[in-house]
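What follows is each chain in one-letter form.
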Amino acid sequence: MPLELVFGRLSASDARGAHKLATAMRAVLAGGAASRTLRVGEADTALEVQLVPLRSDEGVAQVIATLRPPGADRAFRLSSLARRFGLTPAEARLLETLCAGASLRQASAHLGVARTTVRTHLQRIFDKSGAHRQADLVRMVLAA
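Residues numbered from 1 in each chain as written. Predicted model: local features only at pLDDT ≥ 70, side-chain atom pairs only at ≥ 80, totals over all residues. Heavy atoms only, no water.

(A) Structural detail: the pairing of strand β2 (residues 9-12). Sheet analysis places strand β1 (residues 3-6) next to β2, joined by 4 bridges and oriented antiparallel. Paired with L5 across the strands is L10, a residue of β2. Between β1 and β2, which pair antiparallel in sequence order, lie 2 residues; one of them, F7, sits at a positive phi of approximately 50°. (Pairing = 2+ DSSP bridges. Helix = DSSP H or I, 4+ residues; strand = E, 2+ residues; numbered from the N terminus.)

(B) The pattern of salt bridges, seen in detail. Tallied over the full model, the rule gives 2 salt bridges. Between K128 and E91 there is a salt bridge whose closest N-O contact spans 2.8 Å. Note that K128 is positioned in helix α5 (residues 115-129) and E91 in helix α3 (residues 89-99), a separation of 37 residues in sequence. For K128, a relative accessible area of 33% corresponds to the partly exposed category. Across the salt bridge formed by D136 and R133, the nearest N and O atoms sit 3.4 Å from each other. Note on D136: relative accessible area 22%, which makes it partly exposed. (Salt bridge = Lys/Arg side-chain N within 4 Å of Asp/Glu carboxyl O. Buried < 20%, exposed > 50% of the residue type's maximum accessible area, 1.4 Å probe, protein only.)

(C) Main features of α5. Counted at 1.5 Å a residue, the expected span for α5 with its 15 residues is 21 Å, and the 21 Å between its end C-alpha atoms agrees. Among the residues of α5, V118, H121, L122, I125, F126 and S129 are the ones counted as buried. Each buried residue of α5 sits inside an arc of 145° when the element is viewed along its axis, so together they form one side. Along α5, exposed side chains directed more than 90 degrees from the buried face belong to T116 and D127. With its phi angle positive at about 85°, G130 sits one or two positions after the end of α5. (Expected span 1.5 Å × (residues − 1). Arc of directions from axis to C-beta.)

(D) Summary view of the environment of I64. Here I64 lies in strand β5 (residues 59-68). Note: C-alpha distance between I64 and L54 (10 residues apart in sequence) is 7.3 Å. Residues in contact with I64, not counting those within four places in the same chain, are Q50, L51, V52, L54, V138, R139 and L142. (Contact = heavy atoms within 4.5 Å.)

Right under this line is the structure:
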């Protein structure tokens, strides 16, 4: 197994993987990356690790690490959830931006809309999905 949980921390079982994971985690925690995806392990046991920061306006609050076989497609999951919850294209774009690790302020700038518009879209996504927090939305996408 290329990854293991050691004392509550995700760790790679070989030195090369450990270095890649540590470098990616530092970049995400420092706010230098919206998200980071890396491949750990050898061909038949490889895993794709996606690190997504959950940001507040003050910085990175925590990081969600998802593990999946290489090639799993996040865009497919996003479009599937957007259809399931009946999201508008604007709401789907916001969800995608948030899942890439953006704060509401960053999403507003990235999408070219006012922060009030972003908040309105987010509230509508909450209403349609049953989620109550941004972290819940990200978990839904990553689990889909």
